[in-house]
Each structure stands twice: as structure tokens, then as C-alpha cells.
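Structural characterization, general
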Amino acid sequence: MDDSEAPITHDLVLVGGGHSHLAVLKMFGMDPIPGVQLTLVTRDLDMSYSGMLPGLIAGHYDFDEAHVDLRRLARFADARLYHTEAIGFDLEEGRVHCRDRPPIDYDLLSVNIGSTPRTEGFPGADEYATPVKPIDALLDEWEHIRRRILERKASETTDIAVVGAGAGGTELTLATQHRLHQDLEATDRSPDNIQFHLFSADDTILPNQPGGVQRRFRRVLGERDVDIHTNTPIVEVEPDVLHADGGDTFAYDEVFWVTNASAPDWIEESGLATDDKGFIEVDDYLRSTSHDDVFAAGDIASMTHYDRPKSGVFAVRQGKPLENNLRRTISGSTLRSYTPQTNFLQIISTGDRHAVATRNFWSFEGDWVWNLKDWIDQRWMEKWHDLPEMGDEEPDYEVRQNESLQELSEVAMRCGGCGAKIGSSVLDRVLERLDPVDREDVRVGLNEPDDAAIVDVPEGESVVHTVDFFRAFVDDPYLLGRIAANHALGDVFAMNAAPQSALALCTVPYASEPKVAEQLYQLMSGAVEVLNETNTALVGGHSAEGAELAFGLEVNATGPPDELLRKGGLHPGDHLVLTKPVGTGTLFAADMRHKAKGRWIHEALDSMAQLNDRAASIVAKHGAQACTDVTGFGLLGHLVEMTRPSKVDAVVDLESLPILTGAMDTIEAGIFSSLQPDNVRLRKAVRNQEDVVDHDRYPLLFDPQTAGGLLAGVPGENVDACLQELREAGYDEACVVGRIEPLSDDIQPIEVRSGELPDRDIESLDRQRDDDSLDFDRSAIDSDDEMRRAGE
């Protein structure tokens, strides 16, 4: 059996995407342990390298140069990435509690979440100051600050305060000043009206640096006209005013908070041993002094035998020994101690391409020092940007022999057929942890399990049935459950029906019984959340073990027959409204090849998780009589399905297509979904292919979507109000992508344009064309049964 297909027996959970965990992910990707499943729990999808942060703020680097794409690295490591924030540990049960998803089980836990500036005890700091960490929040707020300053009148003065005059605060002061001066000079404005203030609670700046470094930076700050306030501890922050200990006040327009590091309260509250500042206390093996199954590294860790500053230098160096001891713990081998270095080179930049370096008590500076720092930083980042190709070396470590081989052998002996069903004890444990919605019209469901569910049908309403099922395309079973449920519900929402009940169908990969139960729980938790949001009762289902994770739902819905929308209700003059952007097919094809950026996939997943229920109600309210959800056949394929029964033609505008971020990049790179070639056969439905085939957006007409938006025909007089209401409801990219026209003599029903749709007098056109001679040929293009043969 291939290592990647080995049944899971151990869960190694990495909380935080810090510097140390980068090495763990990469080394496990290069040398995996069969049966060990890695999970990365991270609030951030891109890890900002602290060493390049001042250069990024100053404008010397772009975002990608200074960040590591954690999703891409997790893909390389074959690790599941859970995009969420940890908020607590259940150390007895072995679970990580998260802010917005079910808890995550672990057998071995490693924590590398960094630290944040201490704001506790400083009233107003949380509310009015911009902390230097989390870095993603700092970078977002930095862009707002730049914009606010550029929007101010040229005659207005701006006071920018930086609280904390250590290396971080000093670098931030000079980096922000450099960037703002560049911004203002680029708009022919003088930077003289911006005044920086650097506040230190000590009698000097850079109190942990040698005197030579302090003197150099006092000179630089003086040359840059930065006001230095020593012996001025800030104790309170009010809007526009800083209060210092002793009563002095200082006006400010923007304030950055770069004080001493602190740990989140929940670390200590979870029961881990901590030092007097709340950081996880670890021994020389980077293992918790209170819990042998917990490790920690980076700023969040405090080594009992060594006192070192909170610095990325140590987090980087701890990566390899952390990874080594995690492996040794899994295999039952003797751990190896780690000794942090005493002396190290530290380089502090001055905003421009100049820097000061120090080692021991020596210091030196120059442009060449910045170039040296840049070379060091770029080399380090190349480790994560240029991931190696995988080889076939045998792994150095195996899972510990005592219980794991027995578990693996038990998995290997499991039967097929009905024997492949997940056991009742596992199902019972999972169902006990779920809380599906109750409905009065469900007579028999999970509340009273039987051979089948029994539901009542409201008087005068029709029943709408649909089913969807697909292989996992994301490594997070909880997220898969949410998106799969949304995808399945999309069909009934497109018909303006109200979902009533659902049956779940799932295949869970072979694993030890506890691992099967946990994965099934995560999967069903996501699905049940969506079902509950839409008042859909989960009434039963079927589960089995198999080679890979797969999931789907059979959904039953009801609605008055005369209110149900179908594909065949389009009318000339209708505007084609699309409620979500396209591009999921190409993006996830790129993701499988490690070619997509994590933030692109995150945006796509957010779009896929957005329900279509409100959109369906809105388009129906504004007069839509035809609607469908855009899924596997792509936008063009589903539009073709609508034109034939409606006996109309359609014009589509490529320039109007809403497109997910990154989709154009992956299309231009020649990356397409495996379903794209089948969908492209429908190009025969386009009457003017030669005019648009070279357009860069043309391939997106055929891009298969998962949990895509609705495509509806809305009367022209209602379309503006419809779009406004859709956007107010959260469908921010809803737009008109085309228009419906009377049936023409052309066999191809679709015209694709690039640019604004021309105005046409629909009323003057003959809508009663005799199309009997076209029925057979159009059906060969349009019908579901013949879609795949359309272009042959």
C-alpha cells in the first residue's frame, strides 16, 4: 500500500502556522510516516516572515515575497489545513477547541502560534491602537492608514505615535515613515506635515541592544526628525490622545502598539504549565513540562533552562529539533535535547535600504548590511517557495509498533459489501454529538430510527427530489460537509422550493475505529450546520468505508406547483443574472497541482459555502420565471439547458462575468478542470466562436462549478432593483451577464460578446417564429442526454 493510502492510526495536530511549523510540514512532506495524519490549524493562510515585515511595510517587497503560502505547504506535506483559530485545549480528551468549527481530536499536539503585544492593563489600547501582531491585521490596517493620510488635505498635519521603542517599534517607525514619504512624494506632496513620535518606557531606545546600536539609531532617528520620548510609559489610550504615567498627554492621529509580548489567556486556562507571563513551559525537548503529548516552539514557548528573547531567530532554529522530536515521540524513540544559541547576528533596518547589524557587543551599519540581510532573508524564503519534488526514499521512522500494527491489520481485514458499512457503535457515537433540526412534518427520522424515514407533504404542494454526491476536493471534512450540503440544496433553491428533509451518503477512508468516528463527525457536523440553517431535517442516510472520502445528500423539498421555477421559463427581454463568480474548476485543479495561492482558494471556498436560498427568493420576487444553479456543466452548459425548453436565444457578455480572484491566472497558466474538455464540446452551441475563441475569458464559460451561483432570467424593468437587493443580501458580485432574445433561425442558440450588450427593440422582433424545424437539432445540443455529444 502507498504511504499516502495507509490507514490513519495517529493524528498529529499543529496549532499555528509559525516559523517552526514550516520546517515540520516540509520535513513530513519529504519523509512522511505511514498511518500518521497531519492537520494544520491556522488562523492565517499566509505566514508573514517577521524578518521581512519592515521591508514589506517600507515597500521593498511585495506580499508574496514576504509570505509563505501555508495552504501550498500543507498540500506538499499532505496535511489537512483547517482555517480557523484555536481558542482552547481539552488536554484530558485530546481535543483542540476552535472559534467557528467543531473541536479537533489529536494524539500528539504541537503549538506554534506566536505572541501579541500586551494590551491588558492599558485601557483603550485594544480599541484605539493598531497592534503589530497579528501581522495580517496590521497589514490590513496599514493600508487603511496610508489611505487616510493620502486623503488628508496637504496643509493638515498628521501625528503618528509608536508605543514601544524596542527593535520592533524602532524598525516599524522608520519603515512606515519611509513608505509614507514615498507615497506623498509620488503625489507631489510634501512629507513635512507628518510627525513621528517614538515612546519608550525606559531611559533609552532599544533597551536590549548594545550601546553602539542605541547610539546609531538615535542618530538615524534624529536625522529623520522622529521625536523620541524616553522614560514615557504610556498607560492609557483615548481617541486622539495618549496618556503617560505622570499625567502628560500626547495628541495623535494614528498609533501603533509594539510593547512586550504576551500569550493568550486560554493557554494557561487550558491547564498547560506556563511561566509567569503565560507562555507554555517546555523542557529541552520542546515538550510541555506538564503534558508529554504537547510540544511548543517559537514565541509561545518558554524554555525552563534558557532565557532567550522573543525573536524569530529562535523560532526558525527550533523547527528542525521540533520536527525530529515529534517523529521520535510517534515512534517511541528517545528524544533529543535542543540548546538555543547564545550569540547570533541581529540586523535592524532603518526604513530605507540601510541597516545596522550587531553580534555580541559589536555593531556596524551600511547599505551593504541591508543587502546582506536581504540575501539571508531571500535564501530562507526560497526554502518554502521552491518546494522539492518528491522521491521514493523509505521513511526513517515508523509508527510505534505495539498498538499501530494491530490496528492496521484489523483495518486490512475488513470486508466489502454490507461488511463495508460503518459499524453501529461508531454511528451512535457520531449521532450523539450532532444536533439536527426537528420538524413536525417528519414522522419518522433520526428521532425514531426505522428502515426508512416518513415525512408529511403539505397539502397542495409538490415534492421536489434531488441528489448530489462527489469525491472530496478539500482536505477538511467539516468544510466538505458544509459545501456538499450547500451544493445539494442548490438544486431545490434554484426551483424556489423549500427543503424539508435530507438523507446523507458518505464514504470514509479506512482507519482505526476512533479515527473513522472523528472524520465522520467532522463531515456530518458541517453538513448538519447547513441543513439546520435551512430548516432541513437530517432523517437518515448510508455510510461505508472506502479508499477515499466522498459525500453527498439526497434532498427532498416542497413548494406550490405554480411557484416553482424551472429552466424553461425564459422570455425575450429577460436579463441573465448570475449571483456568484465563476472559476472554482480551474482554481481547484491548480490547487491539486500546488499552483494556486492559498488566499485564492480561501475566497473560492467562501463563495462555495454561501447559500443560494436568499438569492432564489430575491430573483423570484423580482419576476424570474426561469432559474438554475451553475454547477458541473459550467455557465454555458447550464444556459444551453435553459434556452431549448424556453424556445429562445441568448447573448452572453464575457466582460461582465464575475470571476474569482486567481482564476484568470490559472486559466492563463493552462490549468483546467478534468471536466473542462467535456464541457468545451458545447462550443457548438455558440454561433460566433471565431469572434471570441481567443478571448482570455472564453474558457471560463466552460469551467465546471461546485456550489456555484444561480443563473436566472429577470425581466429588464426589474433587474436593477433585483441586483441591489441581491448585493444587500451579501451576493456582492451578482451582476447581469447576458440577455435573452427571441428565437432566431440560427441552429446555435448562444451568441457570445465581448463588451456592452447592444440595445435592441425586443418588442419589434417577431417572437412567434416557427421553430418546428429546429426542435430536433437544438435538442441534440441542449438536452441533458446529448450534452456530451454536442460538439462531435
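Above this text you will find the structure in question.
Reference entry: report on the structure contained in this document. Please read all numbers here as calculations on a predicted model, not as lab measurements. For every chain, the first residue of the written sequence is number 1, and numbering continues from 1 onward in sequence order. Side-chain atom pairs in this predicted model are given and counted only at pLDDT of 80 or more, local residue features only at pLDDT of at least 70, and totals for whole chains, interfaces and linings cover all residues. Excluded from the side-chain calculations are hydrogens and water; all other atoms, namely the structure's heavy atoms, are used.

**A short note on the overall build of the protein**
In this text, helices come from DSSP runs of H or I with a minimum length of four residues, and strands from runs of E with a minimum of two, each type numbered from the N-terminal end. Secondary structure assignment for the protein yields 23 helices and 37 strands. Nonlocal contacts in the protein, meaning residues at least 24 apart in sequence, comprise 77% of its contacts between residues at least 6 apart. Any pair of residues with heavy atoms lying within 4.5 Å of one another is described as a contacting pair.

**Looking at empty space enclosed by the protein**
Space inside and on the surface of the protein is sampled on a 1 Å grid over the protein atoms alone, with a cavity defined as a set of points where a 1.4 Å probe fits but cannot get out and a pocket as an open set with protein on both sides within 12 Å along at least 5 of 7 lines; lining residues have an atom within 4 Å of a point. Grid points are joined across faces, edges and corners, and a volume is the space filled by probe spheres set on the points. Under the definition given, this model contains five cavities of 30 Å³ or more. Taken as a whole, the largest cavity spans an internal volume of roughly 90 Å³. Note on residue classes: Ala, Val, Leu, Ile, Met, Phe, Trp, Tyr, Cys and Pro are nonpolar, Asp, Glu, Lys and Arg are charged, and everything else, Gly too, is polar. Its residues assigned to classes, the lining of the largest cavity comprises four nonpolar, three polar and four charged. For the lining of the second largest cavity, the elements supplying multiple residues, two or more each, are α2 (53-58) and α10 (367-385). The element best represented in the lining of the second largest cavity is α10, accounting for three residues.

**Things to note about the pattern of salt bridges**
In what follows, salt bridge is the name for a side-chain nitrogen of Lys or Arg lying within 4 Å of a carboxyl oxygen of Asp or Glu. Inspection of every chain in the model, using the stated rule, returns 44 salt bridges. The partner of Asp105 in a salt bridge is Arg95, and the shortest N-O contact between them spans 2.8 Å. In this pair, Asp105 is assigned in strand β8 (residues 104-105) and Arg95 in strand β7 (residues 95-98), connecting sequence segments 10 residues apart. Glu641 is the salt-bridge partner of Lys567, the closest N and O atoms lying 3.0 Å from each other.

**Brief notes about helix α13 (residues 477-494)**
Helices are assigned an expected span. That span is 1.5 Å times one less than the residue count. Over its 18 residues, α13 extends 26 Å from the first C-alpha to the last, a length consistent with the 26 Å expected when each residue adds 1.5 Å. Considering bend angle alone, the principal kink of α13 is centred on Ala488 and spans about 25°. Most of α13 sits out of view: 17 of its 18 residues are buried. Here α13 starts with a cap whose side-chain oxygen sits 3.0 Å from the backbone nitrogen of Tyr478, and that cap is Asp476. Once α13 finishes, Asn496 follows within two positions and takes phi at roughly 65°, a positive value. Note on bend: at a given residue it equals the angle between the axes fitted to the 7 residues ending there and to the 7 starting there. Residue exposure (1.4 Å probe, protein chains only): buried if accessible area is under 20% of the type maximum, exposed if over 50%, otherwise partly exposed. Between N or O atoms, a polar contact is any pair within 3.5 Å; within protein, one atom must be a potential hydrogen donor and the other a potential acceptor, and residues adjacent in sequence are included only when both atoms are from side chains.

**Some thoughts on the pairing of strand β15 (residues 234-238)**
Only strands that DSSP links by at least two bridges are regarded as paired with each other. Two strands pair when backbone bridges link them, and β15 and strand β16 (residues 241-244) are joined in this way by four bridges, in the antiparallel orientation. Looking at β16, one finds that Val237 is bridged to Leu242. The turn linking β15 back onto β16 is made up of two residues, and Asp240 within it adopts a positive phi angle of 75°.

**Some points on the packing of aromatic side chains**
Working definition: a ring pair exists when centres of Phe, Tyr or Trp rings (six-membered ring for Trp) sit within 6.5 Å. Plane angles under 30 degrees give stacked, over 60 give edge-to-face, the rest tilted. Summed over the entire model, instances satisfying the criterion amount to 11 aromatic pairs. Each ring, one from Phe473 and one from Phe588, has its centre 5.3 Å from the other, and the planes form 90°; the classification is edge-to-face. With Phe473 in the loop between β28 (462-471) and α13 and Phe588 in helix α15 (residues 584-592), the pair connects residues that are 115 residues apart, well separated along the chain. Across this residue pair, the class does not change: Phe473 and Phe588 are buried.

**Thoughts on the packing of helix α12 (residues 424-433) against helix α14 (residues 513-533)**
In this analysis an axis means a line fitted to C-alpha atoms, helices contributing only their contacting stretch, and an angle means the value between N-to-C directions, from 0 to 180 degrees. One can describe the packing of α12 onto α14 by two numbers: an axis separation of 9 Å at closest approach and a directional angle of 35°. Considering the relative orientation of α12 and α14, their crossing is right-handed. Residues Ser425, Val426, Leu427, Arg429, Val430 and Arg433 of α12 form the contact with α14, whose participating residues are Glu513, Pro514, Val516, Ala517, Glu518, Leu520 and Tyr521. In terms of residue class, the contact of α12 with α14 is made up of eight nonpolar, one polar and four charged. The crossing is said to be left-handed when, going from far helix to near helix, the turn is anticlockwise and less than a right angle, and right-handed when the turn is clockwise.

**Considering the pairing of strand β34 (residues 648-653)**
Of all six residues in β34, six are buried, a share of seventy percent or more. Here β34 shows no split at all, with Val648, Ala650 and Val652 on one side and Asp649, Val651 and Asp653 on the other all buried. Two elements, β34 and strand β36 (residues 735-742), share five bridges in a ladder whose sense is antiparallel. Pairing of Ala650 across the sheet is with Ile740, part of β36. Here β34 pairs with strand β37 (residues 750-753) via four bridges, running parallel. When the bridges of β37 are listed, Val652 appears paired with Val752.

**Remarks on helix α22 (residues 719-728)**
Turning to α22, its buried residues number three or more, namely Val719, Cys722, Leu723 and Leu726. Here the buried residues of α22 occupy an arc of 95° about the axis, which is enough to place them on one side. In α22, the exposed residues that point more than 90 degrees away from the buried face are Asp720 and Glu728. Those residues of α22 that are buried lie in contact with β32 (574-578), α17 (613-621), β35 (710-715) and β36. What the arc measures is the spread of directions leading from the helix axis to the C-beta atoms.

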